[in-house]
Amino acid sequence: MELIFLGTSAGVPTLSRNVTAILLDLQHPTRPGLWLFDCGEGTQHQLLNTPYHPGKLDKIFITHLHGDHLFGLPGLLCSRSMAGNARPLTLYGPAGLQEFVETTLRLSGSWTDYPLEVVEIRQGVVYQDERCTVTAQPLNHPVECYGYRIEEHDKPGALDAAALIADGIKPGPLFQQLKKGETVTLDDGRIVDGQVYLSAPVPGKKVAIFGDTAPCAEALLLAQSVDVLVHEATLETAMEEKANSRGHSSTRQAALLACDAGVGKLIVTHVSSRYDARGCAALLAECQSVFPECLLAEDFMQVCV
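About the cut-offs
- Residues numbered from 1 in each chain as written.
- Predicted model: local features only at pLDDT ≥ 70, side-chain atom pairs only at ≥ 80, totals over all residues.
- Heavy atoms only, no water.
- Axes fitted to C-alpha atoms, helices over the stretch in contact; angles between N-to-C directions.
- Helix = DSSP H or I, 4+ residues; strand = E, 2+ residues; numbered from the N terminus.
- Parallel < 35°, antiparallel > 145°, perpendicular 65-115°, else oblique.
- Left-handed = near helix turned anticlockwise from the far one by under 90°.
- Contact = heavy atoms within 4.5 Å.
- Nonpolar A, V, L, I, M, F, W, Y, C, P; charged D, E, K, R; others polar.
- Core = buried A, V, L, I, M, F, W, Y, C linked by side-chain atoms within 4.5 Å.
- Buried < 20%, exposed > 50% of the residue type's maximum accessible area, 1.4 Å probe, protein only.
- Patch = residues over 30% accessible without salt bridge, like charges linked within 9 Å, V, L, I, M, F, W, Y side chains within 5 Å.
- Areas by Shrake-Rupley, 256 points an atom, 1.4 Å probe, with all protein chains shown as cover.
- Salt bridge = Lys/Arg side-chain N within 4 Å of Asp/Glu carboxyl O.
- Lys, Arg positive; Asp, Glu negative; His and termini not counted.
- Charge placed at Lys NZ, Arg CZ, Asp CG, Glu CD.
- 1 Å grid on protein atoms, 1.4 Å probe; cavity = no way out; pocket = protein on both sides within 12 Å on 5 of 7 lines; lining within 4 Å.
- Points joined across faces, edges and corners; volume = space filled by probe spheres on them.
- Phe/Tyr/Trp six-rings, centres within 6.5 Å; stacked < 30°, edge-to-face > 60°.
- Lys NZ or Arg CZ within 6 Å of the ring centre and 35° of its normal.

**Here we look at the packing of helix H8 (residues 251-261) against helix H9 (residues 277-290)**
A packed helix pair is summarised by two numbers, namely the angle formed by the two axes and the spacing between the axes. At a minimum axis separation of 8 Å, H8 and H9 run at an interaxial angle of 30 degrees. Between H8 and H9, the crossing angle belongs to the class labelled roughly parallel. By crossing handedness, the relation of H8 to H9 is classed as right-handed. For the pair H8 and H9, the contacting residues are Thr 251, Ala 255, Leu 256 and Cys 259 in the first and Leu 283, Glu 286, Cys 287 and Val 290 in the second. Of the residues that constitute the contact of H8 with H9, the class distribution is 6 nonpolar, 1 polar and 1 charged.

Below, the structure is given as structure tokens:
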């Protein structure tokens, strides 16, 4: 999987940062998928500066209905339709998302020529297929807001073909069944358990992408043991009280959560427009003093998971 940050500013855009939007490229060899998390104003313009096309989006996950996470959605939906794309698209987000989409399209005389589904979510599993599971947890913000946890299912271990051959089992269609861990009966009557010839399963990747939040108990559930945690750090530690009063977190609080959850890497984003490049460097230093494996997201930064 790969994360591509399209917008990393909190509230309003700046000359160097657009408002929130994050792409997740699933990079599956047989079922490629492109997901978008939040869609702040100007997201479709940001996409023009990447190799990614809106028509390849399968799903859009909205954390909450504040404008800096949502106002780019109507334009993106319409542009995708005007390009003649017929690929279905599913939106996930809090209650009110369907009304927002239907109202903006109706009042602007717009429509989509592709199947569009809106799923208004609650806490728990919001999507699942043979590759991964997406769960949502409510966060601490003035409006209903969620974070998403994306978990790939573990991959089966490698089949020890050499051991099978050494045991007198010839390569062929049976190897495919054994690779799935199935038990097969050979022509000579022997029963072979595929699990015996498989190495340990390969753990799937885990990513947590947070919406805006002050510290809360659900945050630990979302972040526990993920490979990559994407968390807001709107303000510096000295302004922690102000951040929390508005439903946001400080650098220190984001880093402490990463420590408590045992994550592999922390990426902080949603930076207040008050910070210039020097200020952002100071924010990153605050995070790294608590949790060294930390990056501060920049627009168009790409991170492999």
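Still to come is the rest of the account.
**Details of the nonpolar core**
Within the largest apolar cluster, 29 residues are counted, with the highest numbers of intra-cluster contacts made by Phe 210, Leu 229, Val 263, Leu 266 and Val 268. Of all the elements in the fold, those that place two or more residues in this core are helix H6 (217-223), H8, strand S15 (265-269), H9 and strand S17 (294-296). Sorting elements by how many residues they give to this core places H8 first, with 5 residues.

**Some thoughts on a negative patch on the surface**
A grouping of Glu 99, Glu 102, Glu 120 and Glu 144 is seen on the molecular surface, where their side chains present a negatively charged patch. Its location among the elements puts Glu 120 in strand S7 (residues 116-120).

**Points about unusual backbone geometry**
One non-glycine residue with positive phi stands out, namely Ser 225, at about 65 degrees. Relative to the helices and strands, Ser 225 resides in the loop between H6 and strand S14 (228-232). Phi at His 270 is positive, roughly 60 degrees, even though this residue is not glycine. Its place among the elements puts His 270 in the loop between S15 and strand S16 (271-272).

**Here's the deal with the layout of surface pockets**
Empty space within the second largest pocket amounts to approximately 190 Å³. Together, 14 residues line the second largest pocket, and Thr 234, Leu 235, Arg 246, His 248 and Ser 272 are the ones closest to its centre. For the lining of the second largest pocket, the per-class residue count stands at 3 nonpolar, 6 polar and 5 charged.

**Quick look at the packing of aromatic side chains**
In total, this model carries 7 aromatic pairs according to the counting rule given. Seen from their ring centres, Trp 35 and Phe 61 are 5.3 Å apart, and the 55 degrees between their planes marks the pair as tilted. Note that Trp 35 is positioned in strand S4 (residues 34-37) and Phe 61 in strand S5 (residues 57-61), a separation of 26 residues in sequence. Phe 61 carries the same exposure label as Trp 35, and that label is buried. A cation sits over an aromatic face here: Arg 80 above Tyr 114, 4.4 Å from the ring centre.

**Some points on empty space enclosed by the protein**
Overall, the coordinates contain 1 cavity of 30 Å³ or more when judged by the stated rule. For the largest cavity, the calculated volume is near 80 Å³. In terms of lining residues, the largest cavity is bounded by 15 residues, among which Thr 20, Asp 38, His 69, Phe 210 and Thr 269 are the most central. At 3 residues, the largest contribution of residues to the lining of the largest cavity is made by S14. In the lining of the largest cavity, the residues fall into 5 nonpolar, 7 polar and 3 charged.

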